[in-house]
Amino acid sequence: MAIKIISAKRFAMKLKATIQRSGRLGFTEETARYMNLANGKFAKFAQDDENGVLYLIIIDKRNEDSFDIRSSSGYYFVPAKMMFDSLGVDYEKNVVMFDLIRKPSLDETLEGQVFLMKSRASKRKDKKDEDIDT
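So, a few notes on the structure that sits alongside this text.

Rules of the game
- Residues numbered from 1 in each chain as written.
- Predicted model: local features only at pLDDT ≥ 70, side-chain atom pairs only at ≥ 80, totals over all residues.
- Heavy atoms only, no water.
- Helix = DSSP H or I, 4+ residues; strand = E, 2+ residues; numbered from the N terminus.
- Buried < 20%, exposed > 50% of the residue type's maximum accessible area, 1.4 Å probe, protein only.
- Phe/Tyr/Trp six-rings, centres within 6.5 Å; stacked < 30°, edge-to-face > 60°.
- Pairing = 2+ DSSP bridges.
- Salt bridge = Lys/Arg side-chain N within 4 Å of Asp/Glu carboxyl O.
- Contact = heavy atoms within 4.5 Å.

1. So, the overall build of the chain
And then number 1: Along its length, the chain carries four helices and nine strands.
And then number 2: Starting at the N terminus and walking to the C terminus, you meet the elements of the chain as β-β-α-β-β-β-β-β-α-β-α-β-α.
And then number 3: Taking the principal axes of the C-alpha coordinates as reference, the chain spans close to 65 × 35 × 35 Å.
And then number 4: For the chain, buried positions account for 31% of its 134 residues.

Here you go:
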């Protein structure tokens, strides 16, 4: 009999990314560390035609399908504005966040470190509302 302990430590970390108002896909510090993001890494995206689910693929070498992963003051992001625009994602009126779920079973097929992008969205506060609240 082969019994294996399933460690809670593996599931304690929440991997997240958010589309900023600028159209950049930004990663939390914890997520960037887990993904081992650095300048010189690249991101590709894939979409399931049947259900529209997005996948993020982290790769080590640039190719014609990849986006640069950039950093500013230790904050990592992917400049993917045009892609999100073409997909009809309204990140200007909504805060669009993704829970990233590791999918190693797809690594070989999609040729990189694959994450399912499970989206959540909520209305952005209007700047006028923010001014009134402060």
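2. Section: the packing of aromatic side chains
And then number 1: Inspection of the entire model under this criterion finds five aromatic pairs.
And then number 2: Judged by centre distance (5.4 Å) and plane angle (80°), the ring pair of F45 and F67 falls under edge-to-face. One end of the pair, F45, is in strand β3 (residues 42–47); the other, F67, is in strand β5 (residues 67–68), with 22 residues separating them in the sequence.
And then number 3: Ring geometry for Y75 against F77: centres 6.1 Å apart, planes inclined by 25°, an arrangement best described as stacked.
And then number 4: Classification of F77 as buried rests on a relative accessible area of 5%.
And then number 5: Taken together, the ring pairs connect F45, F67, F84 and F98 into an aromatic cluster.

3. Quick notes on unusual backbone geometry
And then number 1: The backbone of N36 sits at a positive phi, close to 60°, despite the residue not being glycine.
And then number 2: Non-glycine residue E111 carries a positive phi angle of around 60°.
And then number 3: Within the secondary structure, E111 is located in the loop between α3 (107–110) and β9 (113–123).

4. Quick look at the pairing of strand β2 (residues 24–27)
And then number 1: As judged from the three bridges shared by strand β1 (residues 16–19) and β2, these two strands associate in the antiparallel manner. When the sheet's bridge partners are listed, I19 is paired in β2 with L25.
And then number 2: Between β1 and the antiparallel strand that follows it, β2, lie four residues; G23 among them carries a positive phi value of about 95°.
And then number 3: Both β2 and strand β7 (residues 75–79) contribute to a ladder of three bridges, which runs antiparallel. Bridging from a neighbouring strand, G26 pairs with F77 of β7.

5. A closer look at the pattern of salt bridges
And then number 1: Counting across every chain of the model gives seven salt bridges.
And then number 2: A salt bridge links R62 to D68; the shortest N-O distance between them is 2.8 Å.
And then number 3: Of the residues examined, R62 reaches a relative accessible area of 55% and is grouped as exposed.
And then number 4: You can call D68 partly exposed: its relative accessible area is 25%.
And then number 5: Among the salt bridges present, the one from D99 reaches R120, with a minimum N-O distance of 3.2 Å.

6. Comments concerning the side chain of K41
And then number 1: Counting through the fold element by element, K41 comes out in the loop between α1 (29–35) and β3.
And then number 2: Judged by its relative accessible area of 16%, K41 is buried.
And then number 3: Not counting residues within four places of it along the chain, the set of residues in contact with K41 comprises M35, N36, I58, I59, D60, D68 and I69.

7. Observations regarding the side chain of S66
And then number 1: Relative to the elements of secondary structure, S66 occurs in the loop between β4 (54–59) and β5.
And then number 2: Under the relative-accessibility criterion, S66 is labelled buried at 18%.
And then number 3: Those residues in contact with S66, other than ones at most four positions away along the chain, are F42, A43, K44 and I59.

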